[in-house]
Amino acid sequence: MIKTMDKEGTIMYLITKRIIDVLVAGISLMLLSPVFLLIAIAVKADSRGPVFYLQKRVGLNRRIFSIIKFRTMHTGADRRGLLTVGYHDNRITRTGKFLRRFKLDELPQLINVLTGDMSLVGPRPEVEKYVNLYNAEQLKVLEAKPGITDPVSISFFDENDLLAGYDNPEEGYINEVMPEKLRLNLAYINQRNISSDLMILFKTIVRIFS
């Protein structure tokens, strides 16, 4: 059973969560607008291509949406593989390495939060290629709105470097990393509440700057 709250508790949780999402995302976008401008200039000055990178991800109830990030790779690099292997991946730009180190490339997802495609906290959305490999139990993770951060973002903060240690990074991701990420997120969904969401946000910020 995914949800342990009763129906009324679940509704109140989702309403409160949405209010917090809109307030935090809206205020953050206004306050961070100068930072967005500086990052946009750096991305454009470092390599050819757009400032933003849009990728199709699978969201709530398996709905496809476009996740928004600052571009950290050379244009067209995703055609050489969906997984990033370490910070020394030669597809990553110089600016991209800095943005990824402090997760600044994720900031535009505040727009996804405002539009309702994402939440501040929730299972990180996956690309359809890997979602198609989920079993029936793992598919339950799609019953929660995806988020900018989640327990996995903290536990697998250095996921790129972890994958770099595999002879075949994609096989390692599919067979070992992805199942563990899904296990953690299913556990989160079972226990989620506003307090735990706020704690995940706090731990994420601490992890980024530690």
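Residues numbered from 1 in each chain as written. Predicted model: local features only at pLDDT ≥ 70, side-chain atom pairs only at ≥ 80, totals over all residues. Heavy atoms only, no water.

Draft legend 1. Structural view of the packing of aromatic side chains. Counted under the stated rule, the structure contains five aromatic pairs. Plain terms: the ring middles of Phe-102 and Phe-209 are 6.3 Å apart, the flat faces sit at 35 degrees to each other, and that makes the pair tilted. Taken as a pair, Phe-102 in the loop between helix 3 (94-101) and helix 4 (109-115) and Phe-209 in the segment after helix 9 (194-208) lie far apart in primary sequence, 107 residues in all. Three or more aromatic residues link up through ring pairs in this structure, and these residues are Phe-36, Phe-52 and Phe-70. One residue, Arg-101, lies across the ring of Phe-102, its end atom 4.9 Å from the ring centre. For the cation-ring pair, Lys-103 lies above Phe-157, with the distance from its terminal atom to the ring centre recorded as 4.7 Å. (Phe/Tyr/Trp six-rings, centres within 6.5 Å; stacked < 30°, edge-to-face > 60°. Helix = DSSP H or I, 4+ residues; strand = E, 2+ residues; numbered from the N terminus. Lys NZ or Arg CZ within 6 Å of the ring centre and 35° of its normal.)

Draft legend 2. Quick peek at the nonpolar core. If you look at the biggest cluster of nonpolar residues, it comprises 40 residues, and the most contacted ones within it are Phe-70, Val-141 and Tyr-173. Of all the secondary structure elements, the ones that give two or more residues to this core are helix 1 (7-31), helix 2 (33-46), strand 2 (64-70), helix 4, strand 3 (119-121), helix 5 (128-131) and helix 8 (169-191). It is helix 8 that contributes the most residues to this core, eight residues altogether. Once residues within four sequence positions are removed from consideration, Val-141 is found in contact with Pro-123, Tyr-134, Leu-182, Asn-185, Leu-186 and Ile-189. (Core = buried A, V, L, I, M, F, W, Y, C linked by side-chain atoms within 4.5 Å. Buried < 20%, exposed > 50% of the residue type's maximum accessible area, 1.4 Å probe, protein only. Contact = heavy atoms within 4.5 Å.)

Draft legend 3. Focus on the environment of Val-85. The residue Val-85 is located in the loop between strand 2 and helix 3 in this model. In this structure Val-85 touches Asn-160, Leu-163, Ala-164 and Pro-169, once residues within four positions along its chain are discounted.

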